[in-house]
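# Report on the structure
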Amino acid sequence: METVISILKVIHIVTAILMAWPFYALVAVNQRARLGPPLGDRVDTYMENIIKNRTIPCFVFQGTVLVTGLSLVLLRGLGLDALVTNPILGLKFLLLLVIAGLLTYVHTSLQPRIDDLFAQTGSNPVPQEIAKQIGVRRLRRKRIASICMFVVLTVAMLGVQAWAPFPLWLTVVLVIAIGVFTWRAYSSVTPYGWA
Ligand code: HEM
């Protein structure tokens, strides 16, 4: 049983690492903004193709952390009521639902709308009204990526204290640090990694 638990823990943590995509997506879109016009050239096709083809892998990773996380709870002899009696596990579960909801919105509504707008443009230059609509939706997608990044890092930090909770003050300090790092990723190309 210990071996199974060890393997599940490794899968859980490796999957958590692979969920860092929103951070790298923010790096890519911030670099695109630096490049400037024209909108709708091959750079945009390349970037949009990468971004839209990451949503299915993201669903797979979310499903994997859910299954391995719940299995770890059950294999340690606890029932699903641990999601209520252990607030850290409950919070991890709820936050995963939040990012699954956000990803569903991006996949089913926001990204198809951006694709439609690019399809309407046909040739360059992109008409100003369509460019404005693309900009609004891209900004929304970027904000959602930042929320996902903040949530994934917070859930990882909570995972470390799943069985031995940190003092509340330390958790609050770490959440603030994650918030500051997420803000840097949102507003810069983080040339020095952490800043
Ligand atoms: C965004 C999703 C998630 C991420 C990024 C994540 C990440 C992590 C990380 C980094 C650890 C630390 C492991 C260690 O210190 O050994 C951990 C532990 C843990 N996570 Fe998650 N997790 C996620 C979702 C979940 C969910 C949905 C559950 C189930 C409710 C869950 C249950 C657990 C459990 C039980 C542990 C303790 C492992 C053990 O030592 O038995 N996780 N998680």
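Report follows, based on the coordinates. Bear in mind that the values here come from a model prediction, so they are computed numbers and not experimental data.

## Looking at the overall build of the protein
- Looking only at helices and strands, one finds 8 helices and 0 strands in the protein.
- Reading the secondary structure of the protein in the N-to-C direction produces α-α-α-α-α-α-α-α.
- The C-alpha extent of the protein, read off along each of the three principal axes, is 60 × 30 × 25 Å.
- Within the protein, buried positions represent 37% of all 195 residues.
- Long-range pairs, those at least 24 residues apart, make up 76% of the contacts in the protein with a sequence separation of at least 6.
- Averaging the locations of the 17 positively and 8 negatively charged side chains of the protein gives two centres separated by 6 Å.

## Quick word on the environment of P191
- Relative to the assigned elements, P191 resides in the segment after helix 8 (168-187).
- C-alpha separation for the pair P191 and I7, spaced 184 residues apart in sequence, amounts to 35 Å.

## Comments concerning the packing of aromatic side chains
- Scanning all chains against the criterion turns up 4 aromatic pairs.
- The interplanar angle of 35 degrees and the centroid separation of 5.4 Å between the aromatic rings of F23 and F181 together place this pair among those described as tilted. Of the two residues, F23 sits in helix 2 (residues 21-35) while F181 sits in helix 8, which places them 158 residues apart along the sequence.
- By relative accessible area, which is 14% here, F23 ends up buried.
- Each member of the aromatic cluster is reached from another via a ring pair, and the members are F23, Y24, F181 and W194.

## Comments concerning the coordination of the iron atom of the ligand
- The iron atom of the ligand binds to the protein through H12 (NE2) and K92 (NZ); the donor distances cover 2.0 to 2.1 Å.
- Relative accessible area serves as the criterion here: at 18%, H12 is assigned to the buried category.

## With respect to the nonpolar core
- Core analysis: the largest hydrophobic core is formed by 18 residues, its most contacted members being M19, L95, I99, I144, C148, V151 and L158.
- For this core, the secondary-structure elements that each account for two or more residues are helix 4 (55-75), helix 6 (87-121) and helix 7 (128-160).
- If we skip the residues at most four places from it in the chain, I99 touches M19, Q62, C148, V151 and V152.
- In this structure, F23, I51, A145 and A185 belong to the second largest nonpolar core, which totals 9 residues.

## With respect to the pattern of salt bridges
- Under the counting rule described, the total for this entry stands at 5 salt bridges.
- Between E48 and R138 there is a salt bridge, with the nearest N and O atoms lying 2.8 Å from each other. Taken together, the residues span a long stretch of sequence, with E48 in helix 3 (residues 42-52) and R138 in helix 7 at a distance of 90 residues. Here the two residues E48 and R138 agree in accessibility, since each one is buried.
- The partner of K52 in a salt bridge is D115, with the nearest N and O atoms 3.5 Å apart. Within this pair, whereas K52 is found in helix 3, its partner D115 is found in helix 6, the two being separated by 63 residues in sequence.

## Focus: the site of the ligand
- Surrounding the ligand, one finds 23 residues, the nearest of these being H12, R76, K92, V155 and W163.
- Contacts to the ligand include W163, whose side-chain N or O atom sits 2.9 Å from an oxygen atom.
- If you list the elements that add at least two residues to the shell around the ligand, you get helix 1 (2-18), helix 4, helix 6 and helix 7.
- Taken together, the residues of the shell around the ligand sort by class into 17 nonpolar, 3 polar and 3 charged.

## A word on the side chain of H12
- Note on placement: H12 falls in helix 1.
- Ignoring anything within four residues of it in the chain, the contact list for H12 reads V65, T68, G69, L72 and K92.

## Notes on the state of the cysteines
- Summed over the entire model, instances satisfying the criterion amount to 0 disulfides.
- Sulfur of C58: no disulfide; nearest cysteine sulfur belongs to C148 and is 7.7 Å away.

Rules used in this analysis
Residues numbered from 1 in each chain as written. Predicted model: local features only at pLDDT ≥ 70, side-chain atom pairs only at ≥ 80, totals over all residues. Heavy atoms only, no water. Helix = DSSP H or I, 4+ residues; strand = E, 2+ residues; numbered from the N terminus. Buried < 20%, exposed > 50% of the residue type's maximum accessible area, 1.4 Å probe, protein only. Contact = heavy atoms within 4.5 Å. Lys, Arg positive; Asp, Glu negative; His and termini not counted. Charge placed at Lys NZ, Arg CZ, Asp CG, Glu CD. Phe/Tyr/Trp six-rings, centres within 6.5 Å; stacked < 30°, edge-to-face > 60°. Donors = N, O, S within 2.8 Å, 3.2 Å for Na, K, Ca; no water. Core = buried A, V, L, I, M, F, W, Y, C linked by side-chain atoms within 4.5 Å. Salt bridge = Lys/Arg side-chain N within 4 Å of Asp/Glu carboxyl O. Near = heavy atom within 4 Å. Polar contact = N/O pair within 3.5 Å; in protein donor to acceptor, adjacent residues only side chain to side chain. Nonpolar A, V, L, I, M, F, W, Y, C, P; charged D, E, K, R; others polar. Disulfide = S-S within 2.5 Å.

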